[in-house]
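Descriptive structure summary
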Amino acid sequence: QQQVKQSPQSLIVQKGGISIINCAYENTAFDYFPWYQQFPGKGPALLIAIRPDVSEKKEGRFTISFNKSAKQFSLHIMDSQPGDSATYFCAAPAGYYNQGGKLIFGQGTELSVKP
Amino acid sequence: GAVVSQHPSRVICKSGTSVKIECRSLDFQATTMFWYRQFPKKSLMLMATSNEGSKATYEQGVEKDKFLINHASLTLSTLTVTSAHPEDSSFYICSAPGNLAGGTSETQYFGPGTRLLVL
């Protein structure tokens, strides 16, 4: 099965700093790349998503950078806050076609923002 | 925004019993829902696709007779863990795609999850 590889596994950032999480994918047919945020004991929530026709998308303090040639995309959290401490997952459509929203997830990054 | 609920949020059962978990889309219809399983500090593993009006599609390695899925209506899917054993203990999460304001047909809305502990 196509994979999405995420790094780092864990990340510690000082308050106000920039958190950067990276993902690499294999299937060049992927056309939708979301990031999800998950707090302990809760379900994931969509944070931001990008399509490969743009190289960057920004929503508030969250930015996705997309590098189609390298088959990589990353999440940048500017001015990181303790409330951002959570696990972040990148994802991509499973299979070669968008199967009605079926997703495969990266391994997850546990972010801890220190005050 | 779209809301997906799950019930129960937490369940403890004895080994050998069956447990049913409900997943509901509260403000939109979902002909398809997905069931995931998540171990502590691990990623989400897709178990199966629940299809309203037809059989569920299971991912490779997932026992369909163990994890029974029924998509009873456009807003309800259920996952039944049959003859549960301690190794079935996990966090089960459902999701539904919704094409709502601000999202696309690919946007997945996740439920809050159900923590299953089998003793």
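In case you missed it, the structure is sitting above this.
Quick caveat: nothing in here was measured; it's all calculated off a predicted structure.

1. Things to note about a nonpolar patch on the surface
Residue and element names in this part refer to chain A.
- Where nonpolar side chains cluster on the molecular surface, the patch consists of Ile 18, Ile 20 and Met 78 and spans about 240 Å² of accessible area.
- Here Ile 18 lies in the loop between β2 (10-14) and β3 (19-25).
- The class for Ile 18 is partly exposed, based on a relative accessible area of 47%.

2. Points about the pattern of salt bridges
- In this structure the tally under the stated criterion is five salt bridges over all chains.
- Across the salt bridge formed by Glu 59 of chain A and Lys 57 of chain A, the nearest N and O atoms sit 3.6 Å from each other.
- The exposure class of Glu 59 of chain A is partly exposed, given its relative accessible area of 36%.
- Residue classification places Lys 57 of chain A among the partly exposed positions, given a relative accessible area of 32%.
- The salt bridge involving Lys 41 of chain B is made with Glu 110 of chain A; its shortest N-O contact spans 3.3 Å.

3. Thoughts on the side chain of Gln 6 of chain B
All names here are of chain B.
- Tracing the backbone shows Gln 6 in strand β1 (residues 4-7).
- The class for Gln 6 is buried, based on a relative accessible area of 9%.
- A polar contact is formed between the side chain of Gln 6 and the backbone nitrogen of Cys 94, at a distance of 3.1 Å.
- Within the structure, Gln 6 has its side chain in polar contact with the side chain of Thr 114 (distance 3.1 Å).
- Ignoring any residue separated from it by four or fewer positions in sequence, one finds Gln 6 in contact with Ile 21, Glu 22, Cys 23, Trp 35, Tyr 92, Ile 93, Cys 94, Gly 111, Pro 112, Gly 113 and Thr 114.

Rules of the game
- Residues numbered from 1 in each chain as written.
- Chains lettered and ligands numbered in written order.
- Predicted model: local features only at pLDDT ≥ 70, side-chain atom pairs only at ≥ 80, totals over all residues.
- Heavy atoms only, no water.
- Patch = residues over 30% accessible without salt bridge, like charges linked within 9 Å, V, L, I, M, F, W, Y side chains within 5 Å.
- Areas by Shrake-Rupley, 256 points an atom, 1.4 Å probe, with all protein chains shown as cover.
- Salt bridge = Lys/Arg side-chain N within 4 Å of Asp/Glu carboxyl O.
- Helix = DSSP H or I, 4+ residues; strand = E, 2+ residues; numbered from the N terminus.
- Buried < 20%, exposed > 50% of the residue type's maximum accessible area, 1.4 Å probe, protein only.
- Polar contact = N/O pair within 3.5 Å; in protein donor to acceptor, adjacent residues only side chain to side chain.
- Contact = heavy atoms within 4.5 Å.

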